Each structure stands twice: as structure tokens, then as C-alpha cells.
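For reference, the chains in residue letters:
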Amino acid sequence: MIGGYLKRKSNKSDGEVKWALRWMEVEPPDDERPDFMLAVYKTDMKEKRLNAVSVHNISNVLLNDDDPTQFFVVVGPSTYTLMARDEYDAKKWVASLNDIVQLTRGDKDGANPDGNCRIS
């Protein structure tokens, strides 16, 4: 699975844009959760999960054409803007997340066979 530090963009009500550094990883299904989850933690110590999204609910993952270090994760009506440390890491995240989304939907063509990637 993929995991690593990313910055998550948040727009404040006063219009100010803030970026929060968060540890994110795709967690495999277990006895309590039948789906792969994109989980968000404050640090890689994973003391408290701040948020989690079922990978099954992700409809699109794509690079930001205006900034190659950023990418978008679309979940229902929400679009999350994430920033990797560089363009290479952003592309790895996009490819890995798209592979996992395809695998969870039963579309195994074109997916990375092992699906493993850790970006620290």
C-alpha cells in the first residue's frame, strides 16, 4: 500500500488558504472495515486517525495541471487538494491511488501488480 506525508489544503471561511502536513496511507480491509481506506493521521505514529475515506468512494484522482506537486482526490461532491514534496511523489500517489481504485472495482487491467509504495 502507499503511505507518506502530504500537505492537505484547507480554505478558511475568511478566504485564507492553509496547508496542513498530514500522514496519509491506504489501509487494507480488516474485520471491522471491508474496504480499503485512505486514512489521515497527524503523524506517522498513527496515534489518532483524523479522517478516513473508503477508496470505493473515490471517483477520480488526477494531477493539478497548474502545479505538478499537487493532485486532487474527488470523493462524491468533495474535492481534496493534496501536495506532495515533489512532482515524482505526486505522480506516484496518483498512480497508486488509481491502481487501488481500479482493483477495488474489479478492474485489474493496467493496475500495478503489487500495489506497494511507501513515500516518506
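The rules behind these values
- Residues numbered from 1 in each chain as written.
- Predicted model: local features only at pLDDT ≥ 70, side-chain atom pairs only at ≥ 80, totals over all residues.
- Heavy atoms only, no water.
- Pairing = 2+ DSSP bridges.
- Helix = DSSP H or I, 4+ residues; strand = E, 2+ residues; numbered from the N terminus.
- Salt bridge = Lys/Arg side-chain N within 4 Å of Asp/Glu carboxyl O.
- Buried < 20%, exposed > 50% of the residue type's maximum accessible area, 1.4 Å probe, protein only.

**Points about the pairing of strand β7 (residues 78–83)**
Move 1: Pairing geometry for strand β1 (residues 2–11) and β7, over 2 bridges, is antiparallel. Paired with R8 across the two strands is L82, which belongs to β7.
Move 2: Sheet topology note: the strand β6 (residues 70–75)/β7 ladder contains 6 bridges and is antiparallel. In the sheet register, V73 faces β7, and the bridge partner there is Y80.
Move 3: Where β6 hands over to β7, the hairpin turn is made up of 2 residues, of which G76 adopts a positive phi near 60 degrees.

**Quick look at the pattern of salt bridges**
Think of it this way: side chains of opposite charge can pair up when their charged atoms draw near.
Move 1: Following the criterion strictly, the structure yields 7 salt bridges and no others.
Move 2: Between E25 and K46 there is a salt bridge, and its shortest N-O distance comes to 2.9 Å. Of this pair, E25 sits in strand β2 (residues 17–27) while K46 is found in the loop between β3 (37–41) and β4 (49–54), placing the two residues 21 residues apart along the sequence.
Move 3: A residue is classified by how much of its surface remains accessible, and E25, at 12% relative accessible area, is buried.
Move 4: Its salt-bridge partner being E27, residue R33 comes within 3.6 Å of it at the nearest N-O pair. An identical accessibility class is assigned to R33 and E27; each is buried.
Move 5: It is possible to trace a salt-bridge network through shared partners that takes in E27, D30, R33 and R49.

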